[in-house]
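Tertiary structure, described
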Amino acid sequence: MSNKKINVIKMSNNENPFGPSPLALRAAKCSVENINVYPDSEGCILKSALANFYGLDISQITVGNGSENILDMIAKAFLNYKNNAVISQYCFTTILLIIHSMGTKVKIAPALNYGHNINNIIDSIDSQTKVIFIVNPNNPTGTYITHNEMLELLNSIKSDILVVLDEAYYEYVGEKNYPDSLSLLSSYQNLIIVRTFSKIYGMAGLRIGYAMSNPAIAKEINNIRLPFNVNSIAMNAACEALNDKEHVERSYFLNKQGVHQLTIGLEHMGLEVIPSVGNFVCVNIKRDSLDLCQRLFERGIMVKHLLPYNLPFHLRITSGTYEQNQQFLNEFHNLFLEEKMF
Ligand SMILES: *Cc1c(COP(=O)(O)O)cnc(C)c1O
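Notes on the structure follow. Please read all numbers here as calculations on a predicted model, not as lab measurements. (Residues numbered from 1 in each chain as written. Predicted model: local features only at pLDDT ≥ 70, side-chain atom pairs only at ≥ 80, totals over all residues. Heavy atoms only, no water.)

Now for the site of the ligand. Taken together, the neighbourhood of the ligand is formed by 13 residues, with D166, Y169, T196, S198 and K199 sitting nearest. For the ligand, an oxygen atom lies 2.6 Å from a polar atom in the side chain of Y169. For the ligand, an oxygen atom lies 2.7 Å from a polar atom in the side chain of R207. In isolation the ligand has 380 Å² of accessible area, and contact with the protein removes 93% of it. Residues belonging to the shell around the ligand are distributed by class as follows: 4 nonpolar, 5 polar and 4 charged. (Near = heavy atom within 4 Å. Polar contact = N/O pair within 3.5 Å; in protein donor to acceptor, adjacent residues only side chain to side chain. Areas by Shrake-Rupley, 256 points an atom, 1.4 Å probe, with all protein chains shown as cover. Nonpolar A, V, L, I, M, F, W, Y, C, P; charged D, E, K, R; others polar.)

Below, the discussion takes up the nonpolar core. General note: in soluble globular proteins, nonpolar side chains tend to be found buried as a group. Core analysis: the biggest nonpolar cluster contains 50 residues, and I132 and F197 have the highest contact counts within it. No other element matches the 8 residues that helix α8 (residues 232-243) contributes to this core. I132 has contacts with V86, I121, I125, L153, I157, I161, L162, V163 and V164, leaving out every residue within four places of it along the chain. Listed in part, the 31 residues of the second largest apolar core include L79, F92, I192 and A211. (Core = buried A, V, L, I, M, F, W, Y, C linked by side-chain atoms within 4.5 Å. Buried < 20%, exposed > 50% of the residue type's maximum accessible area, 1.4 Å probe, protein only. Helix = DSSP H or I, 4+ residues; strand = E, 2+ residues; numbered from the N terminus. Contact = heavy atoms within 4.5 Å.)

Time to look at the pattern of salt bridges. Tallied over the entire structure, the rule returns 8 salt bridges. E68 is paired through a salt bridge with R207; the nearest N and O atoms lie 3.5 Å apart. Pair noted here: E68 is in helix α3 (residues 67-78) and R207 is in the loop between β7 (191-196) and β8 (209-212), with a separation of 139 residues, a long-range link. The class of R207 is partly exposed, set by a relative accessible area of 25%. (Salt bridge = Lys/Arg side-chain N within 4 Å of Asp/Glu carboxyl O.)

With that settled, the discussion passes to the sheet that holds strand β5 (residues 129-135). Read from one edge to the other, the open sheet built from 7 strands follows the order β2-β8-β7-β6-β5-β3-β4, with strand pairing classed as mixed. Of all the strands in the sheet, the pair left with one neighbour each is β2 (61-64) and β4 (105-109). Taken over all neighbouring pairs, the strand axes of this sheet differ in orientation by 20 degrees on average, direction set aside. In this sheet, β7 lies alongside strand β6 (residues 162-166) in parallel orientation, the contact comprising 4 bridges. Paired with D166 across the strands is V194, a residue of β7. Packing against the sheet, helix α6 (residues 147-156) makes contact with β5, β6 and β7, and its axis sits at approximately 160 degrees to β6. (Pairing = 2+ DSSP bridges. Axes fitted to C-alpha atoms, helices over the stretch in contact; angles between N-to-C directions.)

The next thing to look at is the pairing of strand β13 (residues 311-318). Buried residues dominate β13, accounting for 6 of its 8 residues. Alignment of strand β12 (residues 304-306) against β13, held across 3 bridges, turns out to be antiparallel. Bridge assignment links L306 to a residue of β13, and that residue is L311. Counted between consecutive antiparallel strands, the loop separating β12 from β13 contains 4 residues, among which N310 sits at a positive phi close to 60 degrees.

Okay, helix α9 (residues 245-268) next. Under the 1.5 Å per step criterion, the end-to-end length of α9 is 35 Å for 24 residues, consistent within 8% with the ideal 34 Å. The set of residues buried in α9 consists of H247, V248, S251, N255, G258, V259, Q261, L262, T263, G265 and L266. G270, located one to two residues past α9, shows a positive phi value of around 80 degrees. (Expected span 1.5 Å × (residues − 1).)

This is how it looks when you write it as structure tokens:
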């Protein structure tokens, strides 16, 4: 058997190319020794670490098997076949899947310049609306809504409509007008903030995410939560990850450079890149992106086409290491040149 590794560059799932924190990795390795024991069904260690980290009360935190699991629990707790949920066009498709799984109607608010548009979202609300999902920054477009837009939304709706703010890329955003969502929790009892260890923390494979809300909402989610939804390795590693500020800062800094590198490189080829505050870029390649994805894969690079979003000419590329980004730009440029010669 050959032990030669196939070197595929994976730029398709918005993972952290620099890996997890060494502290988290060490904690995970230690935890493996104890896998004969069930995890703490209340997630106390991680909930107190998060409460401490953010200055919240432990009763405001919910932990989940990835933030997907959190979003799914929110749907299970609050959606049914009689009410509806509002999302924006181009919103992360997993949310659509989760809403549909409850037999709940979805109202889609048209996007503006690929981003969430608050007025359109407000216009989509009706008397049956129970939950509004906001993905900020949005995946796959990389666009974001501002603090003031968030306030406008919260001030325009009845307080029995929940606003779920999916902030999977929160730690990657440096923009000053990006929402300080945590500061809104005390004034808006209907706000749920969802974050994850899958992205900047580099722990996507462990499956760990969390929600921050008022205690009453946390209690309602907890009522439908399965006791052992989060594994012990993930919880112990996540606690340590929170302590490694240096890892987050380094990842943030390198990502800013990487996104810039990809944006400039693609713009030099005459392509339009949607300005992104995440760890990925979304670009209009002016040709069938499914075909281009396949041809890039043959050259060892995985990126995402956006057919499920009805964006057949767009690609989403996760920012990799400097070398990975360069290799992507080279291969992409080569394919581009080949095609133009025909
Ligand atoms: C990646 C991603 C998530 C998923 O996170 P997990 O915590 O790995 O389940 C959630 N929301 C958005 C918008 C994402 O891009």
